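Fold and geometry: a report
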Amino acid sequence: MSVLRDTEWIDAPVATVAAALRHARTAERGLGASRMVRGHAAAGVGELFVPGDEITFRLPPTRLSVGLRTRLERADAQALSSVLVRGPLRQLRHESTLTEVDRGTLLTESLQWTAPLGALGRLIGTALLRRWILRLLARRIDTVRALAQEWATRPVVVGTAIVRRGRLLAQQRHYPAKHAGRWELPGGRVEPGESERDAVVRECKEELGMDVVPTGRIGTDVPLDGGMLLRLYTAEPTPSSPEPRAVEHRAVRWVDTSEMTGLDWLETDRLLVHSLRSLLRE
Ligand SMILES: Nc1nc2c([nH]c(=O)n2[C@H]2C[C@H](O)[C@@H](COP(=O)(O)OP(=O)(O)OP(=O)(O)O)O2)c(=O)[nH]1
């Protein structure tokens, strides 16, 4: 098995770097002329990949190139990984892992593959592909850095995942017309001078009449069409919190994993359903 790694520091939060790793532009720049075959990014929805999406591309960029297809297995704020579905390699695994550091994020890109043809294949792999793959990883990291650092300056909309007895609290929008009837998480814009956690507490009070305590973060950020960035927090109701009620919304509902999958979510929230499902499994 051959392994290549590259680690770089990026001046942006982990969840924002993770969002940039999921973006279609990162795959396109990293792989040269890549071609999406299936999935959300192909449909242009938020242009972020979700687990299950597949990419086809050719490698290396010479006349001897061969076609490969990979499938994304994981896309959260700790790691993204994809594996080979079809191609002339015996095995291929691409992993991007993220670590929060003092000011920013350490991103490690790693590519593992097993070439066909035994020792000859290994020789061709290390001799011919090494430099090209390292260039590819560097180009990918440059794209991620540019996207993440731009998004990191955007105003943040917080979304809140509140889980009770294996169910997630979702709410149905009343307005504007284009969002009416669709489901989302409690939350809203962070106000000037307000911390994101304070915005979570305030929005849950305003929208649901609930008292909550933020407990952490979940999923990657999602860039919104209007130039903002959606960022998810987890929160728990305080012991004395009132039950949730639809103050500004049409309805509120506790949903289990299967109801969650079938719900008519806002498009952006649909990109986070896999992370919300894993939260319910914990
Ligand atoms: N609250 C919330 N907003 C979301 C989610 N997903 C998503 O795309 N959005 C978008 C919809 C809006 O364009 C934007 C801000 O949402 P919002 O309307 O709740 O924000 P707000 O509280 O500041 O606005 P408003 O009620 O004063 O009109 O974020 C989500 O899960 N929760």
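Model, not experiment: these values are computed from the prediction.

When its secondary structure is counted, the protein chain shows eight helices and 15 strands. For the protein chain, the residues scored as buried account for 52% of the 282 residues in total. Long-range contacts, defined as pairs at least 24 residues apart, comprise 61% of the intrachain contacts of the protein chain with a sequence gap of at least 6. Counting every atom, the protein chain has about 13800 Å² of accessible surface; 50% of that belongs to carbon and sulfur.

Around the ligand lies a shell of 14 residues, among which L185, G187, R189, T268 and D269 are the nearest. Residue T268 places a side-chain N or O atom 2.5 Å away from an oxygen atom belonging to the ligand. For the ligand, whose unbound accessible area comes to 620 Å², protein coverage reaches 78%. Of the pockets mapped on this structure, the ligand occupies the largest pocket. Take the shell around the ligand: its biggest share by element is three residues, from strand β11 (residues 187-189). Looking at the shell around the ligand residue by residue, the class counts come to six nonpolar, three polar and five charged.

Attention now moves to the nonpolar core. Formed by 39 residues in total, the largest nonpolar core has its most connected members in I10, V17, L98, L107, W113, I133 and V144. The greatest single-element share of this core, amounting to 10 residues, is contributed by helix α4 (residues 118-151). Setting aside residues up to four positions removed in sequence, V144 forms contacts with I10, V17, A20, L21, T26 and L107. Ranked by size, the runner-up nonpolar core spans 24 residues in total, among them A170, L224, L230 and L272.

Attention shifts here to the side chain of T160. Considering the arrangement of structural elements, one finds T160 in strand β8 (residues 156-164). Contacts of T160, omitting those with residues within four sequence positions, involve L185, P186, V200, C204, Y233 and A235.

Approximately 900 Å³ is the volume attributed to the largest pocket. Lining the largest pocket are 34 residues; nearest its centre among them are R173, H179, E184, L224 and L266. Those elements that provide at least two residues to the lining of the largest pocket are β8, β11, α5 (196-208), β14 (229-237) and α7 (267-270). Class assignment of the residues belonging to the lining of the largest pocket gives a composition of 13 nonpolar, nine polar and 12 charged.

This brings us to the pairing of β14. Taking burial as the measure, the nine residues of β14 include seven buried ones, the bulk of the element. When β8 meets β14, the two strands line up parallel, connected through seven bridges. Residue A161 lies in a different strand from β14, and its bridge partner there is T234. Where strand β12 (residues 212-217) meets β14, five bridges bridge the pair, whose relative direction is antiparallel. For G216, the partnering residue across the bridge sits in β14 and is T234. Pairing geometry for strand β13 (residues 222-223) and β14, over two bridges, is antiparallel. Directly across from P223, in β14, lies its bridge partner L229.

To continue, consider unusual backbone geometry. The omega angle of the peptide bond from Y175 to P176 is -15 degrees, so this bond is cis rather than trans. Looking at the element boundaries, P176 is found in the loop between β9 (167-172) and β10 (183-184).

Moving on, we get to helix α1 (residues 14-22). When you tally the buried positions in α1, you get nine out of nine residues, the bulk of the element. Within α1, the full set of buried residues consists of V14, A15, T16, V17, A18, A19, A20, L21 and R22.

Attention now moves to the domain arrangement of the protein chain. Domain assignment breaks the protein chain into domain 1 (2-153) and domain 2 (156-277). Residue-level contacts link 16 residues of domain 1 with 14 residues of domain 2. Buried area between domain 1 and domain 2, summed over both chains or domains, comes out near 1200 Å², and the portion from carbon and sulfur atoms is 66%. At the junction of domain 1 with domain 2, the criterion picks out zero salt bridges. In this assembly, domain 1 and domain 2 are joined by six residue pairs in polar contact (both at pLDDT 80 or more). Among the elements that take part in the side of domain 1 that touches domain 2, α1 stands out by supplying five residues, more than any other. In the side of domain 1 that touches domain 2, the residues fall into 11 nonpolar, three polar and two charged.

Conventions we followed
- Residues numbered from 1 in each chain as written.
- Predicted model: local features only at pLDDT ≥ 70, side-chain atom pairs only at ≥ 80, totals over all residues.
- Heavy atoms only, no water.
- Helix = DSSP H or I, 4+ residues; strand = E, 2+ residues; numbered from the N terminus.
- Buried < 20%, exposed > 50% of the residue type's maximum accessible area, 1.4 Å probe, protein only.
- Contact = heavy atoms within 4.5 Å.
- Areas by Shrake-Rupley, 256 points an atom, 1.4 Å probe, with all protein chains shown as cover.
- Near = heavy atom within 4 Å.
- Polar contact = N/O pair within 3.5 Å; in protein donor to acceptor, adjacent residues only side chain to side chain.
- 1 Å grid on protein atoms, 1.4 Å probe; cavity = no way out; pocket = protein on both sides within 12 Å on 5 of 7 lines; lining within 4 Å.
- Sits in = over half its atoms within 2 Å of the grid points.
- Nonpolar A, V, L, I, M, F, W, Y, C, P; charged D, E, K, R; others polar.
- Core = buried A, V, L, I, M, F, W, Y, C linked by side-chain atoms within 4.5 Å.
- Points joined across faces, edges and corners; volume = space filled by probe spheres on them.
- Pairing = 2+ DSSP bridges.
- Domains from an automatic or database assignment.
- Buried area = accessible area lost by both parts, 1.4 Å probe.
- Salt bridge = Lys/Arg side-chain N within 4 Å of Asp/Glu carboxyl O.

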